[in-house]
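The residues making up each chain are set out below.
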Amino acid sequence: MRKTLIAAVTLMVVGSLAIADAPDERVVKTTKARHGQTLFSGTKLKSLLTKQRIETPAQVEYSRAWIDAQPKAIKGDAEWQCLSEALYFEARGESVKGQFAVAEVIMNRVDHDYYPSSLCGVIKQGTGRKYQCQFTFTCDGVSEKINEPAAYDRVGKVARLIIDGAPRELTSGATHYHTKAVNPSWARKFKRTATIGVHHFYRQPTRVSQN
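Structural notes, computed from the coordinates. (Residues numbered from 1 in each chain as written. Predicted model: local features only at pLDDT ≥ 70, side-chain atom pairs only at ≥ 80, totals over all residues. Heavy atoms only, no water.)

Let's shift gears to the packing of helix 2 (residues 78-91) against helix 3 (residues 96-111). Helix-helix packing is described using two parameters, namely the angle between the two axes and the distance between the axes. Where helix 2 contacts helix 3, the axes come no closer than 10 Å and their chain directions differ by 130°. Between helix 2 and helix 3, the angle falls in the class oblique. The crossing of helix 2 and helix 3 is right-handed. In contact with Leu83, Ala86, Leu87 and Ala91 of helix 2, helix 3 contributes Gln99, Val102, Ala103 and Ile106. Looking at side-chain class alone, the contact of helix 2 with helix 3 contains 7 nonpolar, 1 polar and no charged residues. (Axes fitted to C-alpha atoms, helices over the stretch in contact; angles between N-to-C directions. Helix = DSSP H or I, 4+ residues; strand = E, 2+ residues; numbered from the N terminus. Parallel < 35°, antiparallel > 145°, perpendicular 65-115°, else oblique. Left-handed = near helix turned anticlockwise from the far one by under 90°. Contact = heavy atoms within 4.5 Å. Nonpolar A, V, L, I, M, F, W, Y, C, P; charged D, E, K, R; others polar.)

Below, the structure is given as structure tokens:
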């Protein structure tokens, strides 16, 4: 059981993460990402276009048998590692569909103007700041050790596939989610886009600046 920090309220979530609202500091991107891609301002991640890329299936089957039959992800890229660790520590107990859904949320945040423009930036946003940690495992004080190699290999495949362009079709652009056991205040303001397993998914409204 991990504690998830949402604004100034500490919520208890069993086996998964409830993603908090964005911290006060906003990170504005200079480049927007197209659907299924990750574009970064100020950082070029060559691994997305090099030998670490695997052929992405046209369709994804959200089953244990299907993901286990996929090629093992090639390790080494920092962005892949950040996403794999986030999925391992926060979603390894979920179904394959649930893991893809969590990965979608993280990728959607990368694409959103409100959040950092890299996977590692999104996942580590707020780490070390009281009540601002976005992902529990980055600031809960628990040692980050990979004790289940098979589970890590599995989420590593999920991470590789979604980075390399697997369809994001489960959550309709969700940027937030929480378990059914909690009811954060932002959930009343954001549009619910999906419910998968024990999680509700939401899309943060796009704020249009006015002159």
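Counting residues in hydrophobic clusters, the biggest one holds 44 residues, and the most contacted among them are Leu83, Leu87, Phe100, Ile106 and Phe201. Listing elements by their share of this core, those giving two or more residues are helix 1 (64-69), helix 2, helix 3, helix 4 (119-123), helix 5 (149-163) and strand 4 (191-196). Ranked by residues supplied to this core, first place goes to helix 3 with 9 residues. (Core = buried A, V, L, I, M, F, W, Y, C linked by side-chain atoms within 4.5 Å. Buried < 20%, exposed > 50% of the residue type's maximum accessible area, 1.4 Å probe, protein only.)

Let us now look at the environment of Gly98. Assignment of secondary structure puts Gly98 in helix 3. When the C-alpha positions of Gly98 and Gly197 are compared, they lie 6.9 Å apart, and in sequence the two are 99 residues distant.

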